Amino acid sequence: MPNMQSTLPVVSNVGMEDELRGLSEDQVAERVARFGFNELPSSKPRSIFRIALNVVKEPMLLLLLGCGGAYLLLGDAQEAVILLMMVVVVIAITLYQERKTERALDALRDLSSPRALVVRGGVRKRIAGREVVPGDILVLSEGDRVPADAVLLSSLNLSTDESLLTGESVPVRKQAAPNHTQDDAEPIRPGGDDLPYVFSGTLVVRGSGLARASATGVHTELGKIGKSLQGVVQEPTLLERDTRHLVRLLAVVGLALCGLLVVAYGLMRGDWLRGFLAALTLAMAILPEELPVVLTIFLALGAWRMSRNRVLTRRVAAIEMLGAATVLCVDKTGTLTMNRMSVTRLFAKGETYDFSKQPVSPIPEHFHELAEFAMLASQPDPFDPMDRAIRSLGNEALQGTEHLHGNWKVVREYPLAKSLLAISEVWVSPDNGRFVIAAKGAPEAIADLCHLPEQDASRLNESVAQMAAAGLRVLGVAKAAFSSPSLPEKQHDFDFEFLGLVALADPIRPAVPNAIRECQSAGIRVVMITGDYPGTALSIARQIGLDSEAGAITGPEVATMDEPTLRDRASRTSVFARAVPEQKLQLVNALKANGEIVAMTGDGVNDAPALKAAHIGIAMGQRGTDVAREASDLVLLDDDFSSIVQAVRMGRRIFDNLKKAMAYIFAIHVPIAGLSLFAVLFRWPLILEPIHVAFLELIIDPACSVVFEAETEEADLMQRPPRSAKERLFNKRMATMSLLQGFGVLAILLVIFGLALRRGQGEQDARALTFTSLVIANLALIVTNRSWSRNIFEILRTPNPAMWWVVGCATVFLGLALYVPFLKSLFHLSTLHLNDVGLCLGVGVACIAWFETLKAIQRHRER
């Protein structure tokens, strides 16, 4: 540990309130300045210079530079200078796009920063992990990742997983040492039970505690090995691999054609340097260098847009899978409901007290003990909504009675287990030193602890079923006493007495019913998996419109089913109750075996395997643990089910728009490459020179990245069934339609150029007509590919400001190239008359007329 530790006060008693008020804001600012932020060494953000250097290495710019060099060798300095200016413009556009992507990724990194719960100025507050400073009081709970090296001040059954540092997978017990002081000469290392230290990056797998941060950032044990994390490179997604493979394939084909073109031009015309220039032009035309850029921008900005809808993307691959999701497995509490519990009924000694009809205070005497032990079975300073609701009720209903015990202390907790859905808190009174045990949990588990006779258990089940049918969550409560100084290992070793039932209500989120209907119309099945009583789960299912005809399957029933039976039942059932995290994993695997693409929500430590197993793991951002978040692909920042549906909608939209952009890129490169190639084969003058291709790239680059990325979703986006998970971005239909569009434009342009030459209009007239027609056809392709279902008039009425910027700028620059003498000479064009411009507009419309007709036929068939 660093020497800074010796300067920090250490307390050994949680009751020392002054010591536990935490740091003031002034102290925090001073320590940030002194020690820096709590961050590990990481790769530095790319500077503008570094981004520009990477841009210059792009193949398209290297080709432009090669063309500029060729023009210098030909003695045409003017062409060379203009091409170099084009290089500057392309760099500027690419820099803008790269910086936009970087800002989006920075925003996502800020959102995904681990969070820490600290005490500052006597107030608990959740802050970014990077803001923790030495001396901060850390509040640690099960599932948290420890944000800094720290000394324990108090703990309750605390264990941590230190495998990140030690390689040992067995959890390590932690114990706050009374009156502990740190000896700087004493080395502190992870590992070993009952030490009062916790370490940055380790996981709390059990219990809770308070600790004082002693080292942060590079001074922690994790910080010592942090530099090794800089070398970790994230693997490319399937989409990225497909894109890179396609670019490499087209590059090889393009290079082969360029070689043939140089040879053909040199042999047929004897001008090898011009042949080299024609080959460079063809290479620029064939190389789809926009593909990787488009993919990066779409996925980065898509993830940023999703974060604005309160969904954080932790793994970009999840965006690819969202549009294919067929099943959403969701928890009930906090996701489908508000997670704002309130106690609505008490049941004790055969009587029910309904708070919706009677006052909270005072309550009849024979309900006092039930309320008292329900409070004692809850956490003293609860985070759980049910515990908060029970304590709120007890503090109000029992005020002024002997049933409130402010001086009692918790000495042990028996946690929830797979075999017993109940917890017990062991309290000790300073007056008599005896142990008082309070238990709460599933009614059947409490009945089991109390060894209720079969007749009493049957009557209890009737009362539970009645409350659950009203959509209430029902808990049983029991009490016990123990005088031996050595507590038993199991809850069953206590002699419990049944006290009654506590029923809580958690209203559904208002947006959930509409979101469920949207999922159903999109062909996505919603499955509720909850720890609640089956009657409660079915009541909530009916309220939100979830299919409940098949009833509910309980966790114990799942545990007894063989794989074929579970697969069959899982395909027909939408409500699973009394489920524990291990059974979530069983259900995920059963649904996957049925061929479903599964999205799964979770929030606890034990949910991590199910989140990992699901195609799309979704963690809760508010109530979820760090373990769950790290195992997930997405994080719901507001824990709201409707946000999941919005994420699916956004995922479908991103994939849709990505396909449109790719289709446009393929389509427009066909006529550019074709004009470069056929001019040589037909022994025509070169139709396109490097400057023309560079001009077209200035339109193509922003169009395929900005215009299509900003395109609104299709009207039927959430009325379609999920796409097949096997569907590739570059499928046959997309490739066929793109090539047909491209070859259609190419055929018309070749006819235009050939007829102009036959009529004796001259090379510059023919080129002006063909190039202008190509630019207009390019703009028409942008417009028509914005939607493959709406006609062009509907598309033009749909707002997309980016498109009008691209169209407007392209039109202005084309006008300058045609009518400004200097530029007209540079582009080797002649002036077009009004009837020529009308012809070019007609050609542009003709290039997409067949595609618009195809859309109309398809829509007619769908009706």
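What you see is a predicted model, and the numbers here were worked out from it, not measured in a lab. (Residues numbered from 1 in each chain as written. Predicted model: local features only at pLDDT ≥ 70, side-chain atom pairs only at ≥ 80, totals over all residues. Heavy atoms only, no water.)

Asks: Can you help me understand the sheet that holds strand E14 (residues 435-441) in this one?
Replies: Each strand in a sheet pairs with its neighbour through backbone hydrogen bonds, running either in the same direction (parallel) or in the opposite one (antiparallel). One open sheet accounts for seven strands, arranged E11-E10-E16-E15-E14-E13-E12; its pairing is antiparallel. The open sheet has two edge strands, strand E11 (351-354) and strand E12 (409-414), and neither has a second partner. Neighbouring strand axes in the sheet, compared pairwise and without regard to direction, differ in orientation by 25° on average. Pairing analysis gives five bridges linking E12 to strand E13 (residues 422-428), with the strands arranged antiparallel. (Pairing = 2+ DSSP bridges. Helix = DSSP H or I, 4+ residues; strand = E, 2+ residues; numbered from the N terminus. Axes fitted to C-alpha atoms, helices over the stretch in contact; angles between N-to-C directions.)

Asks: Even after reading the chapter, I still don't get the sheet that holds strand E21 (residues 616-620), so can you show me in this structure?
Replies: Pairing in this open sheet of eight strands is mixed, and the strands run E8-E22-E21-E20-E9-E17-E19-E18 from one edge to the other. Of all strands in the sheet, those with a lone pairing partner are strand E8 (311-313) and strand E18 (552-554), marking the two edges. Along the sheet, successive strands turn relative to each other by an average axial angle of 20°, direction set aside. Across three bridges, strand E9 (residues 327-330) lies against strand E20 (residues 598-602) in parallel orientation. Within E20, the position partnered with Val327 by the bridge is Val598. Strand contacts of helix H19 (residues 581-593): E9, strand E17 (525-529), strand E19 (575-577) and E20, with the helix running at about 170° to E20, the strand carrying the most contacts. (Contact = heavy atoms within 4.5 Å.)

Asks: What is the right way to look at the pairing of strand E1 (residues 115-120) in this model?
Replies: Two faces make up the sheet, and in a regular strand the side chains alternate between them. Along E1, five of the six residues are buried, which leaves the element largely enclosed by surrounding structure. One ladder, built from six bridges, connects E1 with strand E2 (residues 123-128); its direction is antiparallel. Note that in E2 the partner of Arg120 across the bridge is Val123. Counted between consecutive antiparallel strands, the loop separating E1 from E2 contains two residues, among which Gly121 sits at a positive phi close to 60°. In this structure, E1 lies alongside strand E3 (residues 137-141), joined through two bridges in antiparallel fashion. By the bridge assignment for E3, Val119 is matched with Ile137. (Buried < 20%, exposed > 50% of the residue type's maximum accessible area, 1.4 Å probe, protein only.)

Asks: So what exactly am I meant to see when it comes to the packing of aromatic side chains here?
Replies: The description of an aromatic ring pair uses the distance of the two centres, along with the angle that the planes make with each other. Enumeration according to the criterion identifies twelve aromatic pairs in this entry. Among the aromatic side chains, those forming a connected cluster through ring pairs are Tyr414, Phe482, Phe494 and Phe496. Lying over the aromatic face of Phe37, Arg130 brings its terminal NZ or CZ to 3.9 Å of the ring centre. (Phe/Tyr/Trp six-rings, centres within 6.5 Å; stacked < 30°, edge-to-face > 60°. Lys NZ or Arg CZ within 6 Å of the ring centre and 35° of its normal.)

Asks: Help me understand helix H24 (residues 732-758) in this model?
Replies: Note: α-helices contain 3.6 residues per turn, so residues at a spacing of three or four share the same orientation. Over its 27 residues, H24 extends 38 Å from the first C-alpha to the last, a length consistent with the 39 Å expected when each residue adds 1.5 Å. Immediately downstream of H24, the backbone of Gly760 shows phi near 75°, a positive value. (Expected span 1.5 Å × (residues − 1).)

Asks: What exactly am I supposed to notice about the packing of helix H25 (residues 763-784) against helix H29 (residues 834-862) here?
Replies: Packing of H25 against H29 brings their axes to within 8 Å, and their N-to-C directions diverge by 35°. Between H25 and H29 the crossing geometry is right-handed. Along its contact with H25, which presents Leu769, Thr772, Ser773, Ile776, Ala777, Ala780, Leu781 and Thr784, the element H29 presents Asp836, Leu839, Cys840, Leu841, Val843, Gly844, Cys847, Ile848, Phe851, Glu852 and Lys855. In terms of residue class, the contact of H25 with H29 is made up of twelve nonpolar, four polar and three charged. (Left-handed = near helix turned anticlockwise from the far one by under 90°. Nonpolar A, V, L, I, M, F, W, Y, C, P; charged D, E, K, R; others polar.)

Asks: For this particular structure, what's the right way to read the environment of Asn461?
Replies: As for its placement among the helices and strands, Asn461 is situated in helix H14 (residues 454-469). The exposure class of Asn461 is partly exposed, given its relative accessible area of 37%. Taking the C-alpha atoms as reference points, Asn461 and Ala447, 14 residues apart in sequence, are found 9.6 Å from one another.

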